[in-house]
Each structure stands twice: as C-alpha cells, then as structure tokens.
Amino acid sequence: MDWLLQILSPATISNFFTQFQTEMQQPAFWVALGKIMWINILLSGDNALVIAMACRGLPPRQRFWGMVLGAGVAVILRIIFTGIVVTLMELPYLKLVGGLALLVIAAKLLVPEQEDEEGVESAAHLWAAVQIVAIADIVMSLDNVIAVAAAANGSIPLLVLGLAISVPLIVAGAALIMALLTRLPILVWLGAALLGWIAGDVMATDPAVAPKLDALFAGSFGTKLDGMLASLNLAHGHSAEFVVAVLGVVIVLVAGGIWRKRALEKAAAHSQSAA
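As a starting point, this report considers the structure included with it. (Residues numbered from 1 in each chain as written. Predicted model: local features only at pLDDT ≥ 70, side-chain atom pairs only at ≥ 80, totals over all residues. Heavy atoms only, no water.)

1. Section: the packing of aromatic side chains
Here is step 1: Within the structure shown, the criterion is met by two aromatic pairs.
Here is step 2: Centroid distance Phe-29 to Trp-30: 5.1 Å. Interplanar angle 85°. Geometry classified as edge-to-face.
Here is step 3: A residue is classified by how much of its surface remains accessible, and Phe-29, at 4% relative accessible area, is buried.
Here is step 4: Ring geometry for Trp-197 and Phe-242: centres 5.5 Å apart, planes at 80°, overall edge-to-face. You can see Trp-197 sitting in helix 11 (residues 185–204) and its partner Phe-242 sitting in helix 14 (residues 239–274), a full 45 residues away along the chain. (Phe/Tyr/Trp six-rings, centres within 6.5 Å; stacked < 30°, edge-to-face > 60°. Buried < 20%, exposed > 50% of the residue type's maximum accessible area, 1.4 Å probe, protein only. Helix = DSSP H or I, 4+ residues; strand = E, 2+ residues; numbered from the N terminus.)

This is the structure we're talking about:
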C-alpha cells in the first residue's frame, strides 16, 4: 500500500506534470506519442472484441457504461503494468529479451487470426462486465505492454498520455479501425515494420549490448557509416542503433511473411479437407 501512497503523493504528481511540460515541447515526444497510439490500435483488436462480447448481455442502457468503465479500468491497470516494465528495462539484458519478444509480436501481427468468440463470457450485470473486461485486457495485453514500454523509452508522461488516448480510441472506433486495417493491409505491414524498428532500437540500447556494439562500430567502417547517415540526416553518431533497427525491420517482414504464407496455406488445406 505504501507504493500506491507514494505514487499519489503531491510531490510525485508535481514532478510528473513538470516532466510532462518539459517533454511535450520536444518534437520527439509527439513522434513517440504517435508510435504508441498506432501500436495500441494495431495490437488491440482482440481487446476491443472482448469488450464488445463481455458487454453484449447487458441491458442496452448499461452497455455504454460497461464499455467505458471497463476500458477505463483497463487503461489504469495497463499504465501501472507498463510503467513497471519501463522501469525494469533499465536492467541489463532485459531490453534484449524485450526486443526479441517484440520481434515475435511484430511478425505475428502479419499472421491472419481465426476469430473465436466462444471463450468470451457475456456478463448480465454492469460490474461483472467491467471485471471481465479489466481482467481479460490485462491477460491479453502482454504484447501491448512490451511494445508500448519500448516506444515510451522510459518516459512516464509519454506512457500515460499515449495509453490514455489510444485505448478509449480503440473502444470508441473498434469497428471503424478494424475495417480500415482490413481494407488497407499495407497499414498492418507498416505497423509491423515499425515494431521491428522499435525492437531493434531497444536491443541496441540495452546496457549490456550497447558497449559491445559501440566497440564493433568504433573502426573505420563505423566512422564512414556515421558520416553517411549524418549526411542523409538519418542518424547522428548512432549508426549501430540504426543498423540494428533496420535489421529488426528486415527480420520482422521476412519472418512474418513466411509465417503468414504458411498460415494461409494451412487454412486453405483445412478448408479443402472440411469441404
């Protein structure tokens, strides 16, 4: 209980808003905010489905409040858990593990999923629906937590604002967002590439990995690459991070494409056997 009192203390709240005012004046803050919102939209389709299914048994007047309250509780819990992950990522090798997990999550994003609504319980009472939504969101949101923690890059104000905006957006426009992603599959591929980039950047900045990369790129090759990337305004003295980030994009698109092809072939074979 002490940790909760510490979080809600006036000093902590004051420091949070001071940091928020400082960070929001930097263009990088808004770029990262866009990343967090896009990541949540891409990875939260199943969460939106759970909210809809859990609230389907409520009376019409309570469905709206069930969705709003359930999403609100889910946002608060997700901010807490993602904040914990952001803090833990400062430890050696945890960014490396998180980056590897993010590569798998990004590749899986390209694999078509089969909808299964049988495992989603429908609630008859408002608070039961809120409980189902909150618990299901936490259980299903490990991928979101890892990806958003990586995109936030240690910024708690960025984390809070990004999640607070994007999760209600998903709930309010779930059908529209899913239709948009279905009609424009390129957006999913771009999102997967973004996650691959973030994964590579996260692994390159791991406290245990960064010194080894710096040593590897300390020679003439690294110097020339730094100069070339700087001339293109792509990276200034961070060629190692740039290379690993690009490698992350390539791994995700290649592995995800192969994974997707096999899944489609398996689905087609299943359909033919069922027919």
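2. Focus: a nonpolar patch on the surface
Here is step 1: There is a patch of nonpolar side chains on the surface, built from Ile-76, Ile-80, Phe-81, Ile-84, Leu-88, Leu-91 and Leu-94 and spanning about 600 Å² of accessible area.
Here is step 2: The biggest single contributor to the nonpolar patch is helix 5 (residues 60–88), with five residues.
Here is step 3: Structurally, Leu-88 is set in helix 5. (Patch = residues over 30% accessible without salt bridge, like charges linked within 9 Å, V, L, I, M, F, W, Y side chains within 5 Å. Areas by Shrake-Rupley, 256 points an atom, 1.4 Å probe, with all protein chains shown as cover. Salt bridge = Lys/Arg side-chain N within 4 Å of Asp/Glu carboxyl O.)

3. Brief notes about the environment of Ala-128
Here is step 1: The topology assignment puts Ala-128 in helix 7 (residues 126–140).
Here is step 2: Assessed through its relative accessible area of 31%, Ala-128 is described here as partly exposed.

4. Focus on helix 13 (residues 220–231)
Here is step 1: For helix 13, spanning twelve residues, the distance from its first C-alpha to its last is 17 Å, which sits close to the expected 16 Å at 1.5 Å a residue.
Here is step 2: Taken as a whole, helix 13 has its buried residues at Gly-222, Leu-225 and Leu-229. One side of helix 13 holds all its buried residues, which, seen down the axis, span an arc of 65°. Within helix 13, the exposed residues directed more than 90 degrees away from the buried face are Ser-220, Thr-223, Lys-224 and Ser-231.
Here is step 3: Tucked inside the fold, the buried residues of helix 13 contact helix 14. (Expected span 1.5 Å × (residues − 1). Arc of directions from axis to C-beta. Contact = heavy atoms within 4.5 Å.)

5. A short note on unusual backbone geometry
Here is step 1: With a phi close to 75°, Tyr-93 is a non-glycine residue in the positive phi region.
Here is step 2: Within the element layout of this structure, Tyr-93 appears in the loop between helix 5 and helix 6 (94–109).

6. Things to note about the nonpolar core
Here is step 1: In terms of nonpolar packing, the biggest core is built from 37 residues, with Ile-39, Leu-102, Leu-195 and Ile-198 touching the most fellow members.
Here is step 2: Residue assignment for this core shows that the elements contributing at least two residues are helix 3 (27–43), helix 5, helix 6, helix 8 (142–152), helix 9 (156–172) and helix 11.
Here is step 3: Top element by residues in this core is helix 11. It accounts for eight residues.
Here is step 4: With nine residues, the next largest nonpolar core counts Ala-204, Val-209, Leu-229 and Phe-242 among its residues. (Core = buried A, V, L, I, M, F, W, Y, C linked by side-chain atoms within 4.5 Å.)

7. Remarks on the environment of Ala-106
Here is step 1: Its location among the elements puts Ala-106 in helix 6.
Here is step 2: A relative accessible area of 0% places Ala-106 in the buried class.

8. Quick notes on the packing of helix 6 against helix 11
Here is step 1: The N-to-C vectors of helix 6 and helix 11 enclose an angle of 170°; their axes lie 8 Å apart at closest approach. By the angle between their axes, helix 6 is roughly antiparallel relative to helix 11. Together, Lys-95, Leu-96, Gly-99, Leu-100, Leu-102, Leu-103, Ala-106 and Leu-109 of helix 6 and Val-188, Gly-191, Ala-192, Leu-195, Gly-196, Ile-198, Ala-199, Val-202 and Met-203 of helix 11 make up the contact between the two elements.
Here is step 2: Broken down by class, the residue content of the contact of helix 6 with helix 11 amounts to 13 nonpolar, three polar and one charged. (Axes fitted to C-alpha atoms, helices over the stretch in contact; angles between N-to-C directions. Parallel < 35°, antiparallel > 145°, perpendicular 65-115°, else oblique. Nonpolar A, V, L, I, M, F, W, Y, C, P; charged D, E, K, R; others polar.)

9. Concerning the packing of helix 6 against helix 14
Each pair of packed helices gets described by two things: the angle between the helix axes and the distance between those axes.
Here is step 1: It is the contact of helix 6 with helix 14, at a shortest axis distance of 8 Å, that shows an interaxial angle of 45°. Classified by the interaxial angle, the pair formed by helix 6 and helix 14 is oblique. Taken as a pair, helix 6 and helix 14 cross one another with a handedness that is right-handed. Of the residues in helix 14, those in contact with Leu-103, Val-104, Ala-106, Ala-107 and Lys-108 of helix 6 are Gly-248, Val-252, Gly-256 and Trp-259.
Here is step 2: Of the residues in the contact of helix 6 with helix 14, the class split is six nonpolar, two polar and one charged. (Left-handed = near helix turned anticlockwise from the far one by under 90°.)

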